[in-house]
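Now for the letters of each chain:
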Amino acid sequence: YLTQNYEGSDTIIAIVEEAEPNYILASSTGSTGVKRVLDDDTTQPCPDDIEIDQSALSCKFVRIPVAEMNDNTMEQVISTTYLKQRERNFPQSELVSVRIDNIDFDGVYASQTIPFTTPEIGISWRIMIISPVPARAEDTIMPGDVTFALLLAITSVGFA
């Protein structure tokens, strides 16, 4: 549903369980929230190599807590945003900005979480809305701008 409705959109929607360890349920990026790992060592991914005899391997699927998602850039955005929202105690009345350094995007992400709870059937989720906000040259005050000198004078003298 989310991947179809947000196809071609830069906005990311992710639904996360409220209960620890906060598994991801769905996202508009198509992240499944599961990974295939070795049965006897769940820290190791199950190899997909066709040359390996798959029948000799014992693998299973495990759910991934949102804080541990990092297989691709979009998962890193979701994970980092969730951690920043949690650090700020999921403020509902404000946007939380998130800058992610290791990705190819010059800007920040504006994020908001909305609780979704249905106690009678035991559902308690967080819906995260994450939108990119690109950096723009016209938003920057550069030396040589008229406002640069004014801003420098005000900050040097102070507000008397």
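On a predicted model such as this, the values are computed, not experimentally measured, just so you know.

(A) Spotlight on the nonpolar core. With 17 residues, the main nonpolar core has V66, V77, I78, Y109, M128 and I130 as its most contacted residues. Only strand 1 (12-17), helix 2 (73-87) and strand 8 (123-134) provide two or more residues apiece to this core. For I130, the residues in contact, after removing those within four places along its chain, are D10, T11, I12, V77, I78, T81, Y109, A110 and S111.

(B) Molecular detail of the sheet that holds strand 3 (residues 34-38). The antiparallel open sheet is built from 3 strands, whose spatial order is 4-3-5. The open sheet is flanked by strand 4 (41-45) and strand 5 (59-63), the only strands paired with a single partner. Taken pair by pair, the neighbouring strands of this sheet meet at an average axis angle of 55°, ignoring direction. The pairing of strand 3 with strand 5 spans 5 bridges and is antiparallel. Residue pairing for strand 5: V37 is matched across the bridge by K60.

(C) Quick peek at unusual backbone geometry. Of the consecutive residues E20 and P21, the connecting peptide bond is found in the cis state with omega at 10°. You can see P21 is positioned in the loop between strand 1 and strand 2 (24-27). Phi at N22 is positive, roughly 60°, even though this residue is not glycine. Looking at the element boundaries, N22 is found in the loop between strand 1 and strand 2. Of note, F90 is a non-glycine position whose phi angle comes to about 50°, a positive value. Within the secondary structure, F90 sits in the loop between helix 2 and strand 6 (96-98). Judged by its relative accessible area of 10%, F90 is buried.

(D) Fine view of the pattern of salt bridges. Evaluated as defined, the whole model comprises 4 salt bridges. Close ionic contact of E18 with R126 constitutes a salt bridge, the shortest N to O distance being 3.1 Å. Of this pair, E18 sits in the loop between strand 1 and strand 2 while R126 sits in strand 8, and the two are 108 residues apart along the sequence. Classification of R126 by relative accessible area gives buried; the value is 12%. The closest approach of N and O atoms between K60 and D39, which form a salt bridge, is 3.9 Å. Taken together, the residues span a long stretch of sequence, with K60 in strand 5 and D39 in the loop between strand 3 and strand 4 at a distance of 21 residues. Residue classification places K60 among the partly exposed positions, given a relative accessible area of 33%.

(E) Examining the sheet that holds strand 8 more closely. A sheet is described by the order of its strands in space; here 5 strands give the open sequence 2-1-8-7-6, paired in antiparallel fashion. At either margin of the open sheet sits one strand with a lone partner, and together these are strand 2 and strand 6. When the angles between neighbouring strand axes are averaged without regard to direction, this sheet yields 25°.

(F) Representation of the pairing of strand 7 (residues 107-118). Relative to strand 7, strand 6 is paired through 3 bridges, and the arrangement is antiparallel. Paired with V98 across the bridge in strand 7 is Y109. Pairing geometry for strand 7 and strand 8, over 12 bridges, is antiparallel. For V108, the partnering residue across the bridge sits in strand 8 and is V133.

Definitions and cut-offs
- Note on numbering: residues in each chain are counted from 1, in written sequence order.
- Under the rules for a predicted model, residues below a pLDDT of 70 receive no local features and side-chain atom pairs below 80 are neither given nor counted, while totals for whole chains, interfaces and linings still include all residues.
- The side-chain values count all of the structure's non-hydrogen atoms but skip hydrogen atoms and water molecules.
- Nonpolar cores are built from buried Ala, Val, Leu, Ile, Met, Phe, Trp, Tyr and Cys residues. Side-chain atoms within 4.5 Å join them into one set.
- Relative accessibility under 20% of the residue-type maximum defines a buried residue, over 50% an exposed one, and the middle range a partly exposed one, all with a 1.4 Å probe and only protein chains included.
- Secondary structure elements follow DSSP: runs of H or I of four or more residues count as helices, runs of E of two or more count as strands, with numbering from the N terminus.
- Working rule for contacts: check all heavy atoms of both residues, and any pair within 4.5 Å makes them a contact.
- Two strands make a pair as long as DSSP finds a minimum of two bridges between them.
- Axis definition: a line fitted to C-alpha atoms, over the contacting stretch in the case of helices. Angles run 0 to 180 degrees between N-to-C directions.
- Each salt bridge in this description consists of a side-chain nitrogen of Lys or Arg and a carboxyl oxygen of Asp or Glu lying within 4 Å of one another.

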